[in-house]
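Chain and residue survey
One letter stands for each residue in the lines below.
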Amino acid sequence: MTPTIAVSGLTRRYRGHVALDDVTVDFEDATITGLLGRNGAGKTTFLRILAAQEFPSAGDVRVLGASPIENDAVLRRMVLIREDQSYPDIRVGHVLRAASWFYPNWSGELAATLLRAFDLPAGRPVKKLSRGMRSAVGIVVGLAARAEVTLFDEPYAGLDAVARQIFYDQLIADYAEHPRTVLLSTHLIDEVAGLLERVVMIDRGRVVLDADADTVRGATTAVSGAVPAVDTFAAGRPVWDRRTLASHASVVVGSPLTDGDRAWARELNLTLTPLSLQQAVVHASAGAAGERAEGSHA
Amino acid sequence: MGVLDDSSPIFAQIAERLADEIADGTLAEGERAPSSNELAAFYRINPATAAKGLNVLTEDGLLEKRRGVGMFVAAGARERLVERRRQAFAQRYVAPMVAEATRLGIDAGALLALVRQVSDDPPGAAAVDGTQPSSARGGITV
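An unreviewed UniProt entry annotates chain A as ABC transporter ATP-binding protein originating from Pseudofrankia asymbiotica.

Glancing now at the overall build of chain A. Within chain A, the secondary structure is distributed over 11 helices and 13 strands. Along the longest, intermediate and shortest principal axes, the C-alpha atoms of chain A span 65 × 40 × 35 Å. Residues classed as buried in chain A amount to 51% of the 298 residues present. A separation threshold of at least 6 residues defines the contact pool for chain A, and within that pool the share at least 24 residues apart is 68%. Summed over its atoms, the accessible surface of chain A is roughly 13,400 Å², and 50% of this surface lies on carbon and sulfur atoms. Here chain A carries 31 positive and 35 negative side-chain charges, and the mean point of each set is 8 Å from the other.

Here the domain parsing of chain B yields domain 1 (10-75) and domain 2 (89-123). Taking only C-alpha atoms into account, the centre of domain 1 of chain B sits 34 Å from that of domain 2 of chain B.

The next thing to look at is unusual backbone geometry. All names here are of chain A. Its identity as a non-glycine residue notwithstanding, D22 has a phi of 55 degrees, on the positive side. Positionally, D22 belongs in strand β2 (residues 17-27). Of note in the backbone geometry, E70 takes a positive phi value of approximately 50 degrees without being a glycine. Along the chain, E70 falls in the loop between β4 (58-63) and α2 (72-75). Classification of E70 by relative accessible area gives exposed; the value is 77%.

In this section: the UniProt feature "domain: ABC transporter" (unreviewed entry) in chain A. The sites that UniProt annotates as "domain: ABC transporter" (unreviewed entry) are residues 5-229 of chain A. Here residues 5-229 of chain A runs as 35% helix and 30% strand, with 47 Å between its end C-alpha atoms.

The full count for this structure, using the stated rule, is 23 salt bridges over all chains. In this structure, A:E191 engages A:R164 in a salt bridge whose closest nitrogen and oxygen atoms are separated by 2.7 Å. Highlighted residues: A:E191 in helix α7 (residues 189-192) and A:R164 in helix α6 (residues 161-177), separated in sequence by 27 residues. With relative accessibility at 31%, the residue A:E191 sits in the partly exposed group. Linked by salt bridges that have partners in common, B:E16, B:D20, B:R85 and B:R92 make up one network.

Moving on to the sheet that holds β4(A). Residues and elements named next belong to chain A. Here three strands make up an open sheet; going across it, the order is β2-β1-β4 and the pairing antiparallel. The sheet is open, and its two borders are formed by β2 and β4, each paired with just one other strand. Pairwise comparison of adjacent strand axes, ignoring direction, gives a mean angle of 20 degrees for this sheet. With five bridges joining them, strand β1 (residues 5-14) and β4 adopt antiparallel strand pairing.

All right, on to the nonpolar core then. The nonpolar side chains of a soluble globular protein tend to be buried, and buried together. By size, the foremost hydrophobic cluster in this structure holds 59 residues, and its most contacted members are A:W106, A:F118, A:F167, A:V199, A:L277 and A:V281. Element by element, the count of residues in this core is highest for helix α5 (residues 131-144) of chain A, at seven residues. A domain-level breakdown of this core finds at least three residues from each of domain 1 (5-213) and domain 2 (216-297) of chain A. With near-sequence residues (within four places) excluded, A:L277 lies in contact with A:I189, A:D190, A:A193, A:L196, A:V199, A:A213, A:V216, A:R217 and B:D6. Core analysis: the next-biggest nonpolar cluster, separate from the first, contains 25 residues, A:V25, A:L35, A:M78 and A:L183 among them.

Residue and element names in this part refer to chain A. The domain boundaries assigned to chain A delineate domain 1 (5-213) and domain 2 (216-297). Look at where the C-alpha atoms of domain 1 and domain 2 centre, and you get two points 34 Å apart. Residue-level contacts link 15 residues of domain 1 with 10 residues of domain 2. A combined buried area of about 1,100 Å² lies between domain 1 and domain 2, and 64% of that area is made up of carbon and sulfur atoms. Considering only the side of domain 1, the residues that lose the most area to domain 2 are D190, V208 and A213, jointly responsible for 39% of the buried surface there. Here domain 1 and domain 2 share zero salt bridges between them. With five residues, strand β9 (residues 206-212) is the single largest residue contributor to the side of domain 1 that touches domain 2.

Scoring rules and cut-offs
- Residues numbered from 1 in each chain as written.
- Chains lettered and ligands numbered in written order.
- Predicted model: local features only at pLDDT ≥ 70, side-chain atom pairs only at ≥ 80, totals over all residues.
- Heavy atoms only, no water.
- Helix = DSSP H or I, 4+ residues; strand = E, 2+ residues; numbered from the N terminus.
- Buried < 20%, exposed > 50% of the residue type's maximum accessible area, 1.4 Å probe, protein only.
- Contact = heavy atoms within 4.5 Å.
- Areas by Shrake-Rupley, 256 points an atom, 1.4 Å probe, with all protein chains shown as cover.
- Lys, Arg positive; Asp, Glu negative; His and termini not counted.
- Charge placed at Lys NZ, Arg CZ, Asp CG, Glu CD.
- Domains from an automatic or database assignment.
- UniProt positions renumbered as here; feature names shortened; annotations may be inferred.
- Salt bridge = Lys/Arg side-chain N within 4 Å of Asp/Glu carboxyl O.
- Pairing = 2+ DSSP bridges.
- Axes fitted to C-alpha atoms, helices over the stretch in contact; angles between N-to-C directions.
- Core = buried A, V, L, I, M, F, W, Y, C linked by side-chain atoms within 4.5 Å.
- Buried area = accessible area lost by both parts, 1.4 Å probe.

This is how it looks when you write it as structure tokens:
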């Protein structure tokens, strides 16, 4: 099956700066992927290039089987909602009407439901909205478009925790009925952890982690106890972080543990603490970056 | 993520939750199990992850697919679960208890006496709200 999004060798250079460095990654239909990474890692550039709002310096991007650049047929099946999305000086209702003309799968019914859920006044000029409400307008457009490719780039500037929860709940509910390819770039990893099937982490323009979310979660454990016991247990396993406090040590082990491992840890009087997806991702990407650095020196 | 935690993959936790409900009879045999979309909405998780959790139980024969209707708790599912959990009880509960007792210098005899004492008079049994002592809940805790 052709992936919905196929990116190969994508590089984007600015003057003296490489924003994306030889990125190759595919996204299948009907998945929700978390696009993770620090500020300036290249996430926004990546999403903008997918949406043909920016152009590659090198490499190939296919969305729904074709290049998105100046390709109306593809662009109408794709929506990108950005952080601090700006709108022309019109009312909320007009934004939605314009979107309904552009997106063939637009659901007016869903848009109306979402307006109510976010308590958005359709008659108010977008300019007069608070930052959070403007973000909510973007989310309404992004979900009601029901675009086959739905890209959210940190869509919740200024949104409070309650409104973010509404976003997640509505995304799950509508995605369940109308599966599509969703890429969600976010810093709030733990908040969305349950939504994600896959996590792709970009660091300094490169993909440093690309894995099933449940695999990452299950594969990362903090092991703590007496220094010799911890070191005995960790020997031969990937260790991503090691801290000591007097005779006590704590390491992050980056491979899945078997029942036998757990029993052994009990015998050694070690404490095993599973890491949250957010912590796991931080360690896994640091570990991957470390391995890469070692590899390049070899 | 609501009531789920980071202890294991989410799909495994979903499977475990449903198995718990089958074991304690909340989900009775022949009853329809929640659909993946219902689980997704309730636990705020990806529907594919919820489906994976349900799949664990169908492959195990604890749930049965009825085409176009949904998943139903299979006949004998509860008994099989309880039996399996009884077998896992020593490994899962007794072994860690013995390990901790050994660390504290409690020998097997003293440990048995403690077990008997707690079993006769569970802590919290005298709770003012009159809730049942945990031992009175029967097979649920296995």
